[in-house]
Amino acid sequence: MDRSGPVVQLRSAVRAFADTRLPDGRSWAVALSGGADSLALTAVAAGLRPTTALIVDHGLQAGSAAVAATTREQAMQLGCIGAEIIRVSVGTAGGPEAAARVARYRALDEARAGAPVLLAHTLDDQAETVLLGLGRGSGARSMAGMQALDHPWCRPLLGQRRATTEAACAALGLTPWRDPHNADPRFTRVRLRTEVLPLLEDVLGGGVAGALARTAAALREDTEALDAWAAAYDTAADTLETATLATLPTAVRRRVIRGWLLRHGACDLNDGQLRSVDALITEWRGQGGVAVPSPAAAERLFAARRNGFLTLYREPVG
């Protein structure tokens with residue numbers, strides 16, 4: 001195997017991740033799209049532990065089956081012990097990017113057979129994620145970016161640049177697949193990658209991607225500390241006492257509320273909804289219930305304040 005700089009750099013990153021985060025030495029899977037990031041990760045991972053490549057064919061482009069077949073051949077040539085092509089149907093909920101992501105993660109989870117899954121997200125991906133969270137105004141949790149380890153998902157390349165994976169593929173004589181969607185300006189991430197980040201780098205004098213990744217790491221540490229504080233409060237009960245919640249710092253109180261809502265059937269909560277439920281405690285004026293999203297299509301879920309407690313109730317749709 002090529003001993004050039006980028007390959008050694010990636011191998012060192014993956015080995016360090018494995019030694020500290022996955023020390024049991026067991027086999028793992030890698031999500032392989034055929035692009036430079038995942039191809040370089042697969043090459044390195046297969047040299048460290050028994051590796052199975054999981055190749056998701058979204059079926060969104062003509063010739064996707066041929067791309068998946070070529071990617072499978074590359075995986076086996078790189079020393080993977082197995083390579084599975086998983087064909088999925090992509091829905092429409094949340095837009096094409098979100099729908100494809102949901103389908104992909106579900107397929108990977110079903111196919112991993114209990115093994116941890118390596119994902120090839122880089123520092124550049126992390127920077128884009130932070131900008132997306134900032135633009136959506138959805139709070140520190142969204143801007144905290146992706147976790148290096150969120151079982152079963154493992155991201156050993158979060159400290160590496162996309163240019164390094166490209167250079168590693170070149171050094172190894174690998175030809176990555178160039179996904180046309182990655183150059184399509186209809187997708188928000190593409191515009192962030194090709195327009196926004198280069199402009200910020202120019203205006204701020206460079207180093208923006210790294211600074212955004214460091215911001216994500218700091219926010220992640222703060223978020224985890226606040227989550228741990230909030231976890232001390234019981235969210236399994238059907239109701240929450242508003243007097244107790246009112247004594248908590250705002251950041252902790254909203255985490256308790258969020259955990260309680262999710263535990264009792266809410267989903268996809270945003271910052272505005274949490275603030276509205278929080279107002280039932282901090283700005284109580286006798287207002288009615290607050291609608292929160294729920295996966296149940298036939299009914300709507302509401303949070304309300306009754307007799308000094310937060311409670312939930314449901315109403316049929318229509």
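Residues numbered from 1 in each chain as written. Predicted model: local features only at pLDDT ≥ 70, side-chain atom pairs only at ≥ 80, totals over all residues. Heavy atoms only, no water.

## Let's talk about the overall build of the protein chain
Link 1 in the chain: When you go through the protein chain residue by residue, the secondary structure sums to 12 helices and 10 strands.
Link 2 in the chain: For the C-alpha atoms alone, the extent of the protein chain along its principal axes is close to 70 × 45 × 40 Å.
Link 3 in the chain: Split into buried and exposed, the 318 residues of the protein chain put 44% on the buried side.
Link 4 in the chain: Expressed as a percentage of contacts within the protein chain between residues at least 6 apart in sequence, the contacts between residues at least 24 apart total 65%.
Link 5 in the chain: With an accessible surface of roughly 15,800 Å², the protein chain has 52% of that area assigned to carbon and sulfur atoms.
Link 6 in the chain: Within the protein chain, one finds 35 positive and 33 negative side-chain charges whose respective centroids are separated by 1 Å. (Helix = DSSP H or I, 4+ residues; strand = E, 2+ residues; numbered from the N terminus. Buried < 20%, exposed > 50% of the residue type's maximum accessible area, 1.4 Å probe, protein only. Contact = heavy atoms within 4.5 Å. Areas by Shrake-Rupley, 256 points an atom, 1.4 Å probe, with all protein chains shown as cover. Lys, Arg positive; Asp, Glu negative; His and termini not counted. Charge placed at Lys NZ, Arg CZ, Asp CG, Glu CD.)

## Brief notes about the sheet that holds strand β4 (residues 117-118)
Link 1 in the chain: Reading across the sheet, the six strands line up as β3-β2-β1-β4-β6-β5 and stay open at both edges, with mixed pairing between neighbours. Looking along the sheet, the strands with just one partner apiece sit at the ends: β3 (82-87) and β5 (149-150).
Link 2 in the chain: As judged from the six bridges shared by strand β2 (residues 51-57) and β3, these two strands associate in the parallel manner. Directly across from D57, in β3, lies its bridge partner R87.
Link 3 in the chain: Most of the contacts of helix α2 (residues 36-46) go to strand β1 (residues 28-31), to which it runs at about 165°, and overall it touches β1, β2 and β4.
Link 4 in the chain: Contacts from helix α4 (residues 96-111) reach β1, β2, β3 and β6 (153-154) within the one sheet, and its direction differs from that of β2 by about 145°. (Pairing = 2+ DSSP bridges. Axes fitted to C-alpha atoms, helices over the stretch in contact; angles between N-to-C directions.)

## Notes on the layout of surface pockets
Link 1 in the chain: Estimates place the volume of the second largest pocket at around 280 Å³.
Link 2 in the chain: Forming the boundary of the second largest pocket are 17 residues, of which Q126, M146, A148, A217 and R220 lie nearest the centre.
Link 3 in the chain: Listed by contribution, the elements that provide at least two residues to the lining of the second largest pocket are α5 (123-136) and α9 (208-230).
Link 4 in the chain: Here the lining of the second largest pocket takes eight residues from α9, the largest share from any one element. (1 Å grid on protein atoms, 1.4 Å probe; cavity = no way out; pocket = protein on both sides within 12 Å on 5 of 7 lines; lining within 4 Å. Points joined across faces, edges and corners; volume = space filled by probe spheres on them.)

## As for the domain arrangement of the protein chain
Link 1 in the chain: If you check the domain split of the protein chain, you get domain 1 (4-210) and domain 2 (234-316).
Link 2 in the chain: A separation of 36 Å is found between the C-alpha centroids of domain 1 and domain 2. (Domains from an automatic or database assignment.)

## Concerning the packing of helix α8 (residues 188-204) against α9
Link 1 in the chain: One way to put it is that α8 packs onto α9 with a least axis distance of 9 Å and a crossing angle of 100°. When the interaxial angle is binned, α8 and α9 end up roughly perpendicular. Facing L197, L200, E201 and L204 of α8, the residues of α9 in contact are V208, A209 and L212. (Parallel < 35°, antiparallel > 145°, perpendicular 65-115°, else oblique.)

## Some remarks on the packing of aromatic side chains
Link 1 in the chain: Going through the model one piece at a time under the given rule, you end up with two aromatic pairs.
Link 2 in the chain: On the numbers, 5.0 Å between centres and 85° between planes, the contact of Y105 with W153 is edge-to-face. In this pair, Y105 sits in helix α4 while W153 sits in strand β6, placing the two residues 48 residues apart along the sequence.
Link 3 in the chain: For the ring pair F302 and Y313, a centre distance of 5.0 Å and an interplane angle of 5° mean the geometry is stacked. Residue F302 is located in strand β9 (residues 299-306), and its partner Y313 is located in strand β10 (residues 309-316); the two are separated by 11 residues in the primary sequence. (Phe/Tyr/Trp six-rings, centres within 6.5 Å; stacked < 30°, edge-to-face > 60°.)

## What about helix α11 (residues 250-263)?
Link 1 in the chain: Between its terminal C-alpha atoms α11 stretches 20 Å, which fits the 20 Å expected from 14 residues at 1.5 Å a residue.
Link 2 in the chain: Turning to α11, its buried residues are V252, R253, R255, V256, I257, W260 and L261.
Link 3 in the chain: Two residues or fewer past α11, G265 is found with a positive phi of approximately 110°. (Expected span 1.5 Å × (residues − 1).)

## A short note on the sheet that holds strand β7 (residues 240-241)
Link 1 in the chain: Read across the sheet, four strands follow the order β7-β10-β9-β8 without closing on themselves; strand pairing throughout is antiparallel. The open sheet has two free edges, formed respectively by β7 and β8 (290-292), since each of these has just one partner strand.
Link 2 in the chain: Pairing analysis gives two bridges linking β7 to β10, with the strands arranged antiparallel. By the bridge assignment, E241 is partnered in β10 with F309.
Link 3 in the chain: Seen against the sheet, α11 touches β7, β8, β9 and β10 and runs at an angle of roughly 35° to β10.

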